[in-house]
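# Close look at the chain arrangement
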Amino acid sequence: MRTRPTLTWTDPGAELPRTTSLTEVVDVVGRGRVAVLSGAGISTESGIPDYRGDGGSLRRHTPMTYDDFVATEHGRRRYWARSHVGWRTIARAAPNDGHRAVAELQKRGLLTGVITQNVDGLHQAGGATDVIELHGSLDRVICLGCRETSARDELDRRLHAVNPDFGGVATRINPDGDVELDEQVVAGFSLVDCGGCEQGVLKPDVVFFGENVPRPRVEQCYQLVDDSDALLVLGSSLTVMSGLRFVRHAARAGKPVLIINKGRTRGDKEATVRVDRPLGQALTELVGSV
Ligand SMILES: NC(=O)c1ccc[n+]([C@@H]2O[C@H](COP(=O)([O-])OP(=O)(O)OC[C@H]3O[C@@H](n4cnc5c(N)ncnc54)[C@H](O)[C@@H]3O)[C@@H](O)[C@H]2O)c1
Ligand SMILES: [Zn+2]
């Protein structure tokens with residue numbers, strides 16, 4: 001079954017109160033056994049835009065859907081040409097204070113684990129371990145024929161080899177790791193097939209809009225929430241059910257749900273506390289206070 005992409009949501013209820021105080025978060029995190037669920041908001045301070053924040057990219061473009069990708073070679077050419085240029089920015093992006101703070105909390109034994117909806121690898125680059133990448137990672141590629149996964153760097157080299165004079169120039173990066181390119185430039189881009197089975201279509205190993213997260217990965221996240229005493233949400237609008245379900249799961253079990261995010265989220269109703277602060281400074285303060 002494919003889910004229809006959820007691009008926005010409308011909150012029917014009144015806006016719930018938010019705070020800038022970390023007192024409650026410090027209390028709960030200090031007791032430990034906390035699961036983290038992060039989203040695009042933790043990486044904006046590393047220069048990767050989010051979808052739905054103030055400068056969010058959904059205001060300008062609609063991300064690639066799974067159906068667009070598999071339906072036509074044109075869709076794939078467009079994706080890979082844009083992504084080929086955008087990959088440089090993603091690969092260069094560095095973790096920020098927020099990622100480092102999460103790693104520090106983990107090092108101090110306060111976290112049961114980290115679930116991220118991000119595909120940029122920055123939690124791990126910031127020192128976190130055993131991160132569950134709910135939506136996969138841009139640094140891997142999967143063959144839709146033989147299902148073999150391989151390193152993005154290897155594909156990058158192959159794409160360079162067949163597109164030595166490709167003239168795409170990075171303008172503004174989108175959260176999916178691609179950039180805007182003229183159709184004319186896209187048309188000049190050559191694709192490569194799977195290096196293993198030599199015929200399969202290559203797709204980044206990320207969950208596109210309209211695609212489901214593999215079930216075992218979902219179960220692993222539910223298990224993590226079950227093994228935790230609280231859930232800490234960092235920088236996610238929780239628009240997509242994919243992440244929101246863990247918030248609802250924790251709330252149903254009576255566990256505290258703490259949200260640190262700029263602006264309201266679709267999980268606000270389920271939250272015990274909502275802290276409206278930029279993550280870099282909020283998490284640095286948290287680390288200094290627990
Ligand atoms: N970096 C990435 O890998 C990346 C980036 C964008 C989107 N995505 C994909 O987008 C989808 C999910 O949406 P989402 O909920 O993660 O993102 P989202 O864009 O829907 O929400 C991000 C939220 O973070 C807030 N925010 C932005 N910068 C912040 C900061 N510095 N401090 C505190 N809050 C901040 C925004 O106001 C917004 O509410 C995921 O499926 C994910 O795969 C990934
Ligand atoms: Zn293959």
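Residues numbered from 1 in each chain as written. Chains lettered and ligands numbered in written order. Predicted model: local features only at pLDDT ≥ 70, side-chain atom pairs only at ≥ 80, totals over all residues.

## A short note on the sheet that holds strand β3 (residues 131-133)
The following threshold applies: Two strands qualify as a pair provided DSSP detects at least 2 bridges between them. Helix numbering and strand numbering both begin at the N terminus, where a helix is a DSSP run of H or I of at least 4 residues and a strand a DSSP run of E of at least 2. All axes here are fitted lines through C-alpha atoms, helices being fitted over the stretch that makes contact, and every angle between N-to-C directions spans 0 to 180 degrees. Working definition of a contact: two residues with C-beta atoms, positioned from the backbone, lying within 7 Å.
Here we have six strands laid out as an open sheet, ordered β3-β2-β1-β7-β8-β9, and parallel in their pairing. The strands lining the two open edges of the sheet, one partner per strand, are β3 and β9 (273-275). For this sheet, the mean inter-axis angle between neighbouring strands, taken without regard to orientation, is 20 degrees. Here strand β8 (residues 257-260) runs beside β9; their pairing, made up of three bridges, is parallel. Following the sheet pairing, I260 is matched in β9 by V275. Of the strands in this sheet, β1 (34-38), β2 (111-116) and β7 (230-234) are in contact with helix α4 (residues 97-107), which crosses β2 at around 150 degrees.

## Focus: the site of ligand 1
Condition: Proximity of a residue to a molecule or strand is defined by its backbone-placed C-beta atom lying within 6 Å of that partner. In this count, Pro and Cys sit with the nonpolar residues alongside Ala, Val, Leu, Ile, Met, Phe, Trp and Tyr, while Asp, Glu, Lys and Arg are called charged and the others, Gly among them, polar.
Around ligand 1, a shell composed of 29 residues is seen, among which G39, G41, G53, N118 and P175 lie nearest. Looking at the shell around ligand 1, its residues break down into nine nonpolar, 15 polar and five charged.

## Comments concerning the sheet that holds strand β5 (residues 149-151)
Strand order in the open sheet made by the three strands is β5-β4-β6, with antiparallel pairing throughout. Since the sheet does not close on itself, it has two edges, and those belong to β5 and β6 (202-206), each with one partner. Sheet twist, expressed as the mean angle between neighbouring strand axes with direction ignored, is 45 degrees. Note that strand β4 (residues 136-143) and β6 share four bridges and pair antiparallel. When the sheet's bridge partners are listed, G136 is paired in β6 with V206.

## Here we look at unusual backbone geometry
What counts is decided by this rule: Residues are called buried when their C-beta atom has 20 or more other C-beta atoms within 10 Å, exposed when it has 12 or fewer, and partly exposed otherwise; all C-beta atoms are positioned from the backbone.
One non-glycine residue, D130, adopts positive backbone phi at about 50 degrees. Along the chain, D130 falls in the loop between α5 (122-125) and β3. A positive phi angle, near 65 degrees, is found at E198, a position not held by glycine. Relative to the elements of secondary structure, E198 occurs in the loop between α7 (183-187) and β6. Owing to 11 C-beta atoms within 10 Å, E198 belongs among the exposed residues under this scheme.

## Describing the domain arrangement of the protein
To be explicit about the condition: In this document the domain limits rely on a domain assignment from an automatic tool or a database.
Taken as a whole, the protein is organised into domain 1 (16-48 + 95-135 + 213-290) and domain 2 (55-92 + 137-206). Each of domain 1 and domain 2 has a C-alpha centre, and these two points are 29 Å apart. Domain 1 puts seven residues into the contact, and the matching count from domain 2 is seven residues. Classifying every residue of the side of domain 1 that touches domain 2 by side-chain character gives three nonpolar, two polar and two charged.

## Side note on the pairing of β7
Quick note on the threshold: For crossovers, right-handed means that the path from the first strand over the helix to the second runs clockwise, given strands pointing away from the viewer.
Taking burial as the measure, the five residues of β7 include five buried ones, the bulk of the element. In the sheet, β1 pairs with β7 via five bridges, with the strands oriented parallel. Counterpart to A35 in the pairing with β7 is L231. Read from β7 through helix α9 (residues 241-252) to β8, the crossover connection turns out right-handed.

## Quick look at the nonpolar core
Definition in use: Core membership is restricted to buried Ala, Val, Leu, Ile, Met, Phe, Trp, Tyr and Cys residues, and these are joined into a nonpolar core through C-beta atoms within 7 Å.
Ranked by size, the top nonpolar core spans 65 residues in total, and within it V34, V36, I115, L231, L232, V233 and L258 carry the most contacts. Take this core: its biggest share by element is six residues, from helix α3 (residues 73-92). Setting aside anything within four residues of it in sequence, one finds L232 in contact with V29, V34, V36 and L258. In this structure, V141, L155, L159 and C194 belong to the second largest nonpolar core, which totals six residues.

## Overview of the environment of A161
As for its position among the elements, A161 is in helix α6 (residues 152-162). Spatially, the C-alpha atoms of A161 and V213 are 32 Å apart, while their sequence positions differ by 52 residues.

## Let's talk about the packing of helix α8 (residues 215-226) against α9
Which entries qualify depends on this criterion: An angle below 35 degrees is read as roughly parallel, one above 145 as roughly antiparallel, one from 65 to 115 as roughly perpendicular, and any other as oblique. For a crossing to be left-handed, the near helix must be turned anticlockwise from the far one by less than a right angle; the clockwise case is right-handed.
The interhelical angle for the contact between α8 and α9, taken along N-to-C directions, is 30 degrees, at an axis separation of 10 Å. Relative to α9, α8 is oriented roughly parallel. Note on packing geometry: the crossing formed by α8 with α9 is right-handed. On α9, the residues that touch C221, Y222 and V225 of α8 are F246, H249 and A250. The residue makeup of the contact of α8 with α9, split by class, is five nonpolar, one polar and no charged.

## Focus: helix α10 (residues 279-289)
How we decide: It is the directions from the helix axis to the C-beta atoms that the arc portrays.
Listed in full, the buried residues belonging to α10 are L279, A282, L283, L286 and V287. Down the axis of α10, the smallest arc covering the buried residues is 135 degrees, so these residues share one side. For α10, the secondary structure elements touched by its buried residues are α1 (23-31), α4, β7, β8 and β9.

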